[in-house]
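# Notes for the structure review
Given next are the chains, with one letter for each unit.
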Amino acid sequence: MAIERTLSIIKPDATKRNLTGKINAKFEEAGLRIVAQKRIHLSAKQAGQFYAEHAERGFYGELCEFMASEPVVVQVLEGEGAILKNREVMGATNPANAAEGTIRKEFALSVGENSVHGSDSPESAAREISFYFSGLELVG
Ligand code: RTP
Ligand code: MG
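Residues numbered from 1 in each chain as written. Chains lettered and ligands numbered in written order. Predicted model: local features only at pLDDT ≥ 70, side-chain atom pairs only at ≥ 80, totals over all residues. Heavy atoms only, no water.

### Quick word on the nonpolar core
Inside soluble globular proteins, nonpolar side chains tend to come together where they are buried. Stated formally: In this text, buried Ala, Val, Leu, Ile, Met, Phe, Trp, Tyr and Cys residues form a nonpolar core when linked through side-chain atoms within 4.5 Å. Whether a residue is buried, partly exposed or exposed follows from its accessible area with a 1.4 Å probe, protein chains only, as a fraction of its type maximum: under 20%, in between, or over 50%, in that order. Runs of E in the DSSP output that reach at least two residues are strands. Runs of H or I that reach at least four are helices, and both are numbered from the N terminus. Throughout, a contact is declared for two residues whenever any of their heavy atoms are within 4.5 Å.
Membership of the largest hydrophobic core comes to 19 residues, with the highest contact counts inside it found for L7, I9, M67, V76, Y132 and F133. Broken down by secondary-structure element, the contributors of at least two residues to this core are β1 (3-10), β2 (33-40), α3 (44-50), α4 (60-67), β3 (72-80) and α7 (122-132). In terms of residue count, α4 provides more of this core than any other element does, five residues in total. The residues touching L7, leaving out its near neighbours within four places in the chain, are F50, Q75, V76, N86, H117, G118, S119, E128, I129, Y132 and F133. Judged by nonpolar contacts, the second largest core, of 14 residues, contains I10, I23, V73 and L77.

What follows is the structure in structure tokens.
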């Protein structure tokens, strides 16, 4: 399988509870290398731009408000099949459906406050990485 990069976000519910290190350990144990990482505080407008694909969904306003409520850690993960591998390590969107050992099973509070985001395709990974990072910030 090819080496890929994917965009990950450690969401406000997790940064607030000091879970960044525990979540990063899960990525590293799965063979995902953190090649870029920074802590930022999104405005609701920036969160809205990032999640534009969900603009018509009922939870959009709540999602944008939540993502702007506290700082987040945005990061680029690299590894073999990183996009799918990261989704596996994250677990299902709703923690009630997430498999044992996944980040969302262990740490998520609800379907909305579910601790992590991960790109869902090569196209979204490329778009989402360039939303937060310049080429100079990516150290392979
Ligand atoms: P993500 O984009 O954050 O990695 O999560 P995902 O692919 O598993 O889920 P997606 O369908 O893309 O939804 C994006 C985020 O919106 C929030 N959400 N809330 N209240 C709800 O029913 C609901 N559904 C989704 C979650 O924070 C989800 O991760
Ligand atoms: Mg998604």
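### Focus: the site of ligand 1
Spelled out, the test is: Note on terminology: near, applied to a residue and a molecule or strand, indicates that one of the residue's heavy atoms is within 4 Å of it. Throughout this description, a polar contact denotes any pair of N or O atoms lying within 3.5 Å of each other; where both atoms belong to protein, one of them has to be capable of donating a hydrogen while the other can accept it, and for residues adjacent in sequence the pair is counted only when both atoms sit in side chains. In these tables, accessible area is a Shrake-Rupley quantity obtained with a 1.4 Å probe, and a residue counts as shielded only by the protein chains included in the view. A cavity here means a set of points on a 1 Å grid, drawn over the protein atoms and nothing else, where a 1.4 Å probe fits but cannot get out; a pocket is an open set with protein on both sides within 12 Å along at least five of seven lines, and a residue lines either one if it has an atom within 4 Å of a point. Pocket or cavity membership: a molecule qualifies when more than half of its atoms sit within 2 Å of the grid points of that site. Any residue that is not Ala, Val, Leu, Ile, Met, Phe, Trp, Tyr, Cys, Pro, Asp, Glu, Lys or Arg is counted as polar, Gly included; the first ten are nonpolar and the last four charged.
Near ligand 1 lie 16 residues; those nearest to it are T93, G112, N114, H117 and G118. With respect to ligand 1, the side chain of N114 contributes an N or O atom lying 2.9 Å from an oxygen atom. Against a free-state accessible area of 560 Å², the protein chains account for coverage of 81% of ligand 1. Among the cavities detected, the one that contains ligand 1 is the largest pocket. Looking at the shell around ligand 1, the elements that each hand over two or more residues are α5 (82-90) and β4 (116-118). The dominant element in the shell around ligand 1, judged by the number of residues it contributes, is β4, at three residues. Class assignment for the residues of the shell around ligand 1 results in six nonpolar, six polar and four charged.

### Some thoughts on the UniProt feature "binding site: ATP" (unreviewed entry) in the protein chain
Note the threshold: UniProt positions are given in the numbering used here, feature names are shortened, and annotations may be inferred rather than shown by experiment.
Mapped onto this numbering, the UniProt entry gives "binding site: ATP" (unreviewed entry) at K11, F59, R87, T93, R104 and N114. Those annotated residues that line the largest pocket are K11, F59, R87, T93, R104 and N114. Among the secondary structure elements, R87 is positioned in helix α5. With relative accessibility at 36%, the residue R87 sits in the partly exposed group.

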